[in-house]
Amino acid sequence: MALSSQTTALAQIPRVHIFPTAGEAADAVAEHLLATVKRNPKSVLGLATGQTPRHVYAKLVHAFREGKISFCDVETFNLDEYCGLTASHPDSFAAFMQRELFGLADFDPRKTNLINGDVQDVVAEARRYATRLKESGAVDVQLLGLGTNGHIGFNEPGSASDSHVRVVDLADETLSANQPSLIELTSVPERAITIGIADILHAREIVMLATGSAKAGAVRRSLREAPSTDCPASFLGTHQAVHWYLDNAAAAEIG
Ligand code: F6R
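Residues numbered from 1 in each chain as written. Predicted model: local features only at pLDDT ≥ 70, side-chain atom pairs only at ≥ 80, totals over all residues. Heavy atoms only, no water.

S.K.: Please give an account of the sheet that holds strand β8 (residues 191-194) that cites residues and values.
M.R.: Paired through their backbone hydrogen bonds, the strands of a sheet run either parallel or antiparallel. Read from one edge to the other, the open sheet built from three strands follows the order β4-β8-β7, with strand pairing classed as antiparallel. Strand pairing shows two members of the sheet lacking a second neighbour, β4 (80-82) and β7 (166-169), which therefore form its edges. Across the sheet, the axes of successive neighbouring strands diverge by a mean angle of 30°, strand direction being ignored. Bridging between β4 and β8 involves three bridges; their strand directions are antiparallel. Bridge assignment links Asp80 to a residue of β8, and that residue is Thr194. The sheet strands contacting helix α4 (residues 122-135) are β7 and β8, and the helix crosses β8 at an angle near 20°. (Pairing = 2+ DSSP bridges. Helix = DSSP H or I, 4+ residues; strand = E, 2+ residues; numbered from the N terminus. Axes fitted to C-alpha atoms, helices over the stretch in contact; angles between N-to-C directions. Contact = heavy atoms within 4.5 Å.)

S.K.: Report on the pairing of strand β1 (residues 16-19), specifying residues and quantitative values.
M.R.: Regular strands place their side chains on alternate faces of the sheet. In β1, alternate side chains face the same way, and those of Val16 and Ile18 on one face and His17 and Phe19 on the other are all buried. Bridge count between β1 and strand β10 (residues 242-247): four bridges; the pairing is parallel. Across the sheet, the residue bridging to His17 is Tyr245, located in β10. (Buried < 20%, exposed > 50% of the residue type's maximum accessible area, 1.4 Å probe, protein only.)

S.K.: Tell me about the nonpolar core, and name the residues and values.
M.R.: Membership of the largest hydrophobic core comes to 35 residues, with the highest contact counts inside it found for Val219, Leu236, Trp244 and Leu246. Of all the secondary structure elements, the ones that give two or more residues to this core are β1, α4, β9 (205-210), α7 (216-224), β10 and α8 (248-251). The element contributing the most residues to this core is α4, with four residues. Non-local contacts of Leu246, meaning those with residues more than four positions away in its chain, are made with Val16, His17, Ile18, Phe19, Ala25, Ala210, Val219, Leu223, Ala251 and Ile254. Core analysis: the second largest hydrophobic core is formed by 30 residues, Leu34, Leu45, Ile69 and Leu209 among them. (Core = buried A, V, L, I, M, F, W, Y, C linked by side-chain atoms within 4.5 Å.)

S.K.: Let's hear about the packing of helix α2 (residues 54-65) against helix α3 (residues 93-100): which residues, and what values?
M.R.: Following both chains from N to C, one finds α2 and α3 inclined at 40°, their axes separated by 10 Å at the closest point. Overall, the two elements α2 and α3 adopt an arrangement that is oblique. Across the interface between the two elements, Arg54, Tyr57 and Val61 from α2 touch Phe96, Met97 and Glu100 from α3. Broken down by class, the residue content of the contact of α2 with α3 amounts to four nonpolar, no polar and two charged. (Parallel < 35°, antiparallel > 145°, perpendicular 65-115°, else oblique. Nonpolar A, V, L, I, M, F, W, Y, C, P; charged D, E, K, R; others polar.)

S.K.: Could you give an account of the site of the ligand, naming the residues involved and the relevant values?
M.R.: Neighbouring the ligand are Ala48, Thr49, Gly50, Gln51, Thr52, Leu79, Asp80, Gly145, Leu146, His151, Gly153 and Lys215. Contact distances for the ligand include 2.8 Å between an oxygen atom and a side-chain N or O atom of Thr49. Backbone polar atom of Gly153 to an oxygen atom of the ligand: 2.8 Å apart, as the coordinates give it. For the ligand, whose free accessible area comes to 410 Å², the fraction covered by protein is 90%. (Near = heavy atom within 4 Å. Polar contact = N/O pair within 3.5 Å; in protein donor to acceptor, adjacent residues only side chain to side chain. Areas by Shrake-Rupley, 256 points an atom, 1.4 Å probe, with all protein chains shown as cover.)

S.K.: Describe the sheet that holds β1, with residues and values.
M.R.: Within the open sheet, the seven strands sit side by side as β1-β10-β9-β6-β2-β3-β5. Their pairing is parallel. Here the strands that pair on one side only, and so sit at the sheet edges, are β1 and β5 (112-113). One ladder, built from two bridges, connects strand β3 (residues 75-78) with β5; its direction is parallel. Counted as the bridge partner of Thr76 is Thr112 from β5.

Here's what the structure looks like:
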């Protein structure tokens, strides 16, 4: 992929692209995803929710509206979902995806794989999602955001590198970090289903987008410290094709 002229590749850390602003970092991620889908319209994309990818999704929608891309043959897998919420609940990740991306472009609902948080048997739902993921073969590009505590998906500190789809308890730091994003709920659900670190590492390519000063410490630990369960994103260092897209604020501590 041709990288933007604003890209700074650190010699000692391959594939770290640093941009002056969060908007420019997100633009570059959107270009990365668009190039993937143009190369292979049947791409399998792993998608994240949260504040960070919103601008990326807006760019994808813009490209679709301008007639530059179609997503009708793309298959998607979301990373995670809160337990206890229906897909139509405004705070569910399913509703987020509908609002920010799926409902605004030509994605085929039969190909947008989401975890159902509204089930009695969450373990069975995790098993169902793991099976779907396995059936798809491999995710071509996995988009990730970064928790301030270094989580990826909802693989909180302590998660093993060989973890798979499962039910997890969210860390206190995650509950606090996600509180301001709530639309209707008054508190963040304490449990979620997430794909595991091994599932994330199984993707052919990984694109991490981290922006803002709140992420600087987690970015430093992920890139500068040895892979460890203390900082789940540090395991990305064991993957052959991971791209970090950062703004200056998130890159501030990697020196
Ligand atoms: C979301 C997810 C999380 C977020 C992370 C960053 O599906 O799995 O790992 O990517 O918590 O969230 P934001 O972007 O809101 O800072």
